[in-house]
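What follows is each chain in one-letter form.
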Amino acid sequence: MSVKPGDASKGLLSKEQLEFFDTNGYLVIQDFASGEEMDSLRDAATRIVEAFDPNEHRSVFTTVNQTRVSDEYFLTSGDKIRCFFEADAFDDKGKLKQNKHLSINKLGHAMHDLDPAFHKFSDSPANAVLAKSLGYKDPMLVQSMYIFKQPSIGAAVTPHQDSTFLYTEPNTVTGMWYAVEDATEDNGCLWAVPGSHKLGSLSRFIRNPKGDGTVFTPENPPALETKGAVSLPVPKGSLVLIHGNLVHYSLDNRSPKSRHAFTLHVIEGKEHAKYPKDNWLQRADGSTEFMRFSAQA
Ligand code: FE2
């Protein structure tokens, strides 16, 4: 199947769009990607889950407590493609309550590097233009996630700043959140606190000194205020840009409709920003070089 790409010029942000992003810390661009591109990501995610043996592990992704993601399966996923379950996927005996395709919370964290369909979309000219338009001199894609937000059991994501999880000095992370399906208030769309990116980066989620687990610093991060938050319902093919320090979250999905989304996180290359060795996401070879766009934007 040939995939009709979105219009590369969509990545070129207008002065008004850049001003909105600077002021609010987020920006919605409808029709950024084509329906065919979104379908190609959905098909690729389905293939990955189809090939996954759910008896291999029981690694759950939840944002409710910090011990959630400190297992080895998670810590070594920075340069791999792995499947993380919804917390509510299992019954009391630890058995999957339903089909594995309806039990996975997310895939992470290197589909953009390793899967041809995800790579093709991630490396699109529109994304390269977008990164340059945001002012990146040497943009690198550090991680990708495919988030299923499953019908009925899709878990909430608690308020957070992405810079807590992916930090550079200075902070240069931006999230690119693509709606693979329509996102509504019913099925768990994004919520954002306009202007909250001006708070700066308030905490970090880092590897412990032994490197075999994770901790927050400070140990008890400040509660993030969500007063004034706005919902960001968007149709399929939309892009939501998220400043690294923006407070954002999503509610759980108790509806019968899934809310699939794909996310990329871009950071500045090492001539311009330092990627700390205690960021949770590290590559097996210790490299802090990540995927660069092949198109010269
Ligand atoms: Fe986030």
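An account of the accompanying structure is given in this report. What you are looking at is a predicted structure, and each value in this text was computed from that prediction instead of being measured.

1. Focus: the overall build of the protein
The helix and strand inventory of the protein stands at 6 helices and 14 strands. Relative to the globule expectation of 19 Å for 297 residues, the C-alpha radius of gyration of the protein, 18 Å, shows essentially globular dimensions. Going through the 297 residues of the protein one by one, you find that 56% of them count as buried. Across the protein, the fraction of contacts at a sequence separation of at least 24, relative to all contacts at a separation of at least 6, is 83%. Counting every atom, the protein has about 13000 Å² of accessible surface; 53% of that belongs to carbon and sulfur. Positive and negative side-chain charges in the protein, numbering 32 and 38 respectively, have mean positions lying 2 Å apart.

2. Some details on the environment of Gly 269
Structurally, the position occupied by Gly 269 is in the loop between β13 (261-268) and β14 (291-292). Assessed through its relative accessible area of 0%, Gly 269 is described here as buried. Dropping the residues within four chain positions of it, Gly 269 is found in contact with Asp 138, Met 140 and Arg 292.

3. As for the layout of surface pockets
A volume near 240 Å³ is recorded for the second largest pocket. Lining the second largest pocket are 12 residues, and of these Val 3, Ser 40, Ala 117, Lys 120 and Phe 121 sit closest to its centre. Element by element, the count of residues in the lining of the second largest pocket is highest for helix α2 (residues 35-51), at 4 residues. Split into classes, the residues belonging to the lining of the second largest pocket amount to 6 nonpolar, 2 polar and 4 charged.

4. Notes on helix α6 (residues 125-133)
Residues of α6 that are buried: Ala 126, Asn 127, Ala 128, Leu 130, Ala 131 and Ser 133. Looking at the residues trailing α6, positive phi occurs at Gly 135, about 100°.

5. What to know about the coordination of the iron ion
Within the first shell, the iron ion binds the protein through His 160 (NE2), Asp 162 (OD) and His 248 (NE2), at distances of 2.2 Å. The sequence motif formed by the donor residues of the iron ion is H-x1-D-x85-H. Judged by relative accessible area, which is 15%, His 160 ranks as buried.

6. Quick notes on the sheet that holds strand β12 (residues 248-250)
Taken in spatial order, the 4 strands of this open sheet run β5-β12-β7-β10, and their pairing is antiparallel. Edge positions in the sheet fall to β5 (157-160) and β10 (230-232), since each of these pairs with one other strand and no more. Shown here is a sheet whose adjacent strand axes are inclined to one another by a mean of 25°, direction ignored. Of the pairings in the sheet, the one linking strand β7 (residues 190-192) to β10 comprises 3 bridges and is antiparallel in character. In the strand pairing of β10, Ala 192 is matched with Val 230.

7. A word on the packing of aromatic side chains
This model, assessed by the stated rule, comprises 18 aromatic pairs. Residues Phe 74 and Phe 84 carry aromatic rings whose centres are separated by 6.0 Å and whose planes lie at 70° to one another, so their mutual orientation is edge-to-face. Note that Phe 74 is positioned in helix α3 (residues 72-75) and Phe 84 in strand β2 (residues 81-85), a separation of 10 residues in sequence. The two residues Phe 74 and Phe 84 agree in class, both being buried. Feature note: the residues Phe 32, Phe 118, Phe 121, Tyr 146, Phe 148, Tyr 178 and Phe 262 constitute an aromatic cluster, connected by ring pairs. The ring of Phe 84 carries the charged tip of Lys 106 above its face, separated from the ring centre by 5.9 Å.

8. What to know about the environment of Glu 36
Tracing the backbone shows Glu 36 in helix α2. Sequence separation between Glu 36 and Val 240 is 204 residues; the distance between their C-alpha atoms is 18 Å. Discounting chain neighbours no more than four positions away, the residues touching Glu 36 are Val 3 and Lys 4.

9. Concerning the pattern of salt bridges
Summed over all chains, the structure comprises 12 salt bridges. A salt bridge links Lys 236 to Asp 39, with the shortest nitrogen-to-oxygen separation between them at 2.7 Å. With a gap of 197 residues between them, Lys 236 in the loop between β10 and β11 (239-243) and Asp 39 in helix α2 connect regions that are remote in the sequence. Asp 39 gets classed as partly exposed once you look at its relative accessible area, which sits at 32%. When the shortest N-O distance is used, the salt bridge between Arg 292 and Asp 138 registers 2.7 Å. Of this pair, Arg 292 sits in strand β14 while Asp 138 sits in the loop between α6 and β4 (139-147), and the two are 154 residues apart along the sequence. We classify Arg 292 as partly exposed; its relative accessible area is 35%. By sharing partners, the salt bridges in this structure join Asp 138, Lys 270, Glu 289 and Arg 292 into a single network.

About the criteria used
- Residues numbered from 1 in each chain as written.
- Predicted model: local features only at pLDDT ≥ 70, side-chain atom pairs only at ≥ 80, totals over all residues.
- Heavy atoms only, no water.
- Helix = DSSP H or I, 4+ residues; strand = E, 2+ residues; numbered from the N terminus.
- Rg over C-alpha atoms; globule rule 2.2 N^0.38 Å.
- Buried < 20%, exposed > 50% of the residue type's maximum accessible area, 1.4 Å probe, protein only.
- Contact = heavy atoms within 4.5 Å.
- Areas by Shrake-Rupley, 256 points an atom, 1.4 Å probe, with all protein chains shown as cover.
- Lys, Arg positive; Asp, Glu negative; His and termini not counted.
- Charge placed at Lys NZ, Arg CZ, Asp CG, Glu CD.
- 1 Å grid on protein atoms, 1.4 Å probe; cavity = no way out; pocket = protein on both sides within 12 Å on 5 of 7 lines; lining within 4 Å.
- Points joined across faces, edges and corners; volume = space filled by probe spheres on them.
- Nonpolar A, V, L, I, M, F, W, Y, C, P; charged D, E, K, R; others polar.
- Donors = N, O, S within 2.8 Å, 3.2 Å for Na, K, Ca; no water.
- Pairing = 2+ DSSP bridges.
- Axes fitted to C-alpha atoms, helices over the stretch in contact; angles between N-to-C directions.
- Phe/Tyr/Trp six-rings, centres within 6.5 Å; stacked < 30°, edge-to-face > 60°.
- Lys NZ or Arg CZ within 6 Å of the ring centre and 35° of its normal.
- Salt bridge = Lys/Arg side-chain N within 4 Å of Asp/Glu carboxyl O.

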